[in-house]
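What the coordinates show
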Amino acid sequence: MPERPFIIVAIDGGAASGKSSTSRTLSERLHLLHVDTGSFYRAITAELLRRGLSPADLPAVQAAVATLPFGTRVEGRSARMEIGGRVAGDEIRSREVNEHVSHFAAIPAVRTALLAYQRGQAAVARQHQFKGLVMEGRDIGSVIFPDADFRFFLQADPVERARRRASEGQHDSISERDRLDSSRKTSPLTIPAGATAIDSTHLTLEQVVDRLVAQIEGRASRV
Ligand code: CDP
Ligand code: CDP
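Residues numbered from 1 in each chain as written. Chains lettered and ligands numbered in written order. Predicted model: local features only at pLDDT ≥ 70, side-chain atom pairs only at ≥ 80, totals over all residues. Heavy atoms only, no water.

**Looking at the packing of helix 4 (residues 95-105) against helix 9 (residues 174-183)**
Between two packed helices, what matters for the description is the angle formed by their axes and the separation of those axes. Selection rule: Lines fitted to C-alpha atoms define the axes here, with helix axes fitted over just the stretch in contact, and angles between the N-to-C directions of these axes take values from 0 to 180 degrees. Runs of H or I in DSSP of at least four residues are treated as helices and runs of E of at least two as strands, each being numbered from the N terminus. Here roughly perpendicular refers to angles of 65 to 115 degrees, roughly parallel to angles under 35, roughly antiparallel to angles over 145, and oblique to all remaining angles. Any two residues whose heavy atoms approach within 4.5 Å are treated as being in contact. Any residue outside Ala, Val, Leu, Ile, Met, Phe, Trp, Tyr, Cys, Pro, Asp, Glu, Lys and Arg is labelled polar, Gly included; the first ten of those are nonpolar and the last four are charged.
The contact between helix 4 and helix 9 brings their axes to 9 Å, and the two run at 10°. Judged on the interaxial angle alone, helix 9 and helix 4 are roughly parallel. For the pair helix 4 and helix 9, the contacting residues are Asn98, Val101, Ser102 and His103 in the first and Arg177, Leu180 and Asp181 in the second. The residue inventory of the contact of helix 4 with helix 9, partitioned by class, reads two nonpolar, three polar and two charged.

The following block contains the structure:
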């Protein structure tokens, strides 16, 4: 059988829809680099908060993000963002970051600062001999990789998503983040035309991943 070409898989969806667990498991099944862009927005948010900035300080935020020294460290199958050579820790899941991240993420300069960095993860995946990458976020299939080989959009009932996040012991207002993420002007959360939507409300993680793999391997075997 011929070697499969390098593939790019985009996974978007609202908060706690299952993006990270699905992407991580898919990366293991297909030997892909896993890129969690939400963790990038969270790391930037933690850094800006550490510098005492608020999303209302637009000029200061714009100046800060334009000069943040980003790097990438590959740990296992995951791409971790470095800022000034340091990978952020658990603080990116703190209540303070949960409350601020969507406000910083709505600022066009913050999104612009991340655009080339996110696209550059394909080169990182190739350098590390992965068979492709799976990138998750809100605008991956619509803005970052609109030509991705496979684009999925995960959905789940809001009550079920809140239950999942709470069972992780997190204080997180997911409906408020979804509202902010869907209504912002730049790169809003939306189902990209042509993406495959999967509702995981009544599916286990394995069932969701099986569907993705079936679609990827089904199509890959026909090319
Ligand atoms: O894991 P969870 O779904 O709770 O959120 P996340 O993926 O870690 O993303 C945190 C926040 O970053 C989102 O609520 C968005 O405001 C922002 N984000 C974004 O704007 N664009 C992306 N591609 C990824 C995340
Ligand atoms: O990355 P995102 O915020 O979209 O979701 P996640 O962190 O992957 O998943 C949130 C929680 O839902 C985790 O505790 C997962 O184990 C759980 N989950 C689930 O119960 N069923 C699924 N089909 C997917 C995720």
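After that view, the rundown keeps rolling.
**Some details on helix 8 (residues 158-167)**
Stated precisely, the cut-off is as follows: Buried residues are those whose accessible area, probed at 1.4 Å on protein chains only, stays under 20% of the maximum for their type, while exposed residues exceed 50% and partly exposed ones sit between those limits. The arc refers to the directions leading from the helix axis to the C-beta atoms.
Residues of helix 8 that are buried include every one of Glu160, Arg161, Arg164 and Arg165, and no others. The buried side chains of helix 8 occupy one side of the element, clustering within an arc of 135° when seen end-on. Looking at helix 8, the residues exposed on the side facing more than 90 degrees away from the buried face are Val159, Ala166 and Ser167. The elements touched by buried residues of helix 8 are helix 2 (37-50) and helix 9.

**A few points about unusual backbone geometry**
The phi angle at His31 is positive, at roughly 55°, despite the residue not being glycine. Position of His31 relative to the elements: it lies in the loop between helix 1 (19-30) and strand 2 (33-36). Residue class for His31 comes out partly exposed when judged on its relative accessible area of 28%. For Ser187, which is not glycine, the phi dihedral falls at a positive 50°. As for its position among the elements, Ser187 is in the loop between helix 9 and strand 8 (196-199). Residue Ser187 is classed as buried on the basis of its relative accessible area of 14%.

**A few points about the packing of aromatic side chains**
Formally: Pairing of aromatic rings covers Phe, Tyr and Trp, the last through its six-membered ring, and needs centres within 6.5 Å; plane angles under 30 degrees mean stacked, over 60 mean edge-to-face, and all others mean tilted.
Overall, the coordinates contain two aromatic pairs when judged by the stated rule. Between the aromatic rings of Phe40 and Tyr117, the centroid separation amounts to 5.2 Å while the plane-to-plane angle is 70°, which identifies the pairing as edge-to-face. One end of the pair, Phe40, is in helix 2; the other, Tyr117, is in helix 5 (residues 108-119), with 77 residues separating them in the sequence. By relative accessible area, which is 12% here, Tyr117 ends up buried. Ring centres of Phe70 and Tyr117 lie 5.4 Å apart, and the angle between their planes is 45°; on these two criteria the pair is classed as tilted. Taken together, the residues span a long stretch of sequence, with Phe70 in strand 3 (residues 70-75) and Tyr117 in helix 5 at a distance of 47 residues. Here the aromatic residues Phe40, Phe70 and Tyr117 are joined through ring pairs into a cluster of three or more.

No statement about biological role is implied by the geometric values presented.
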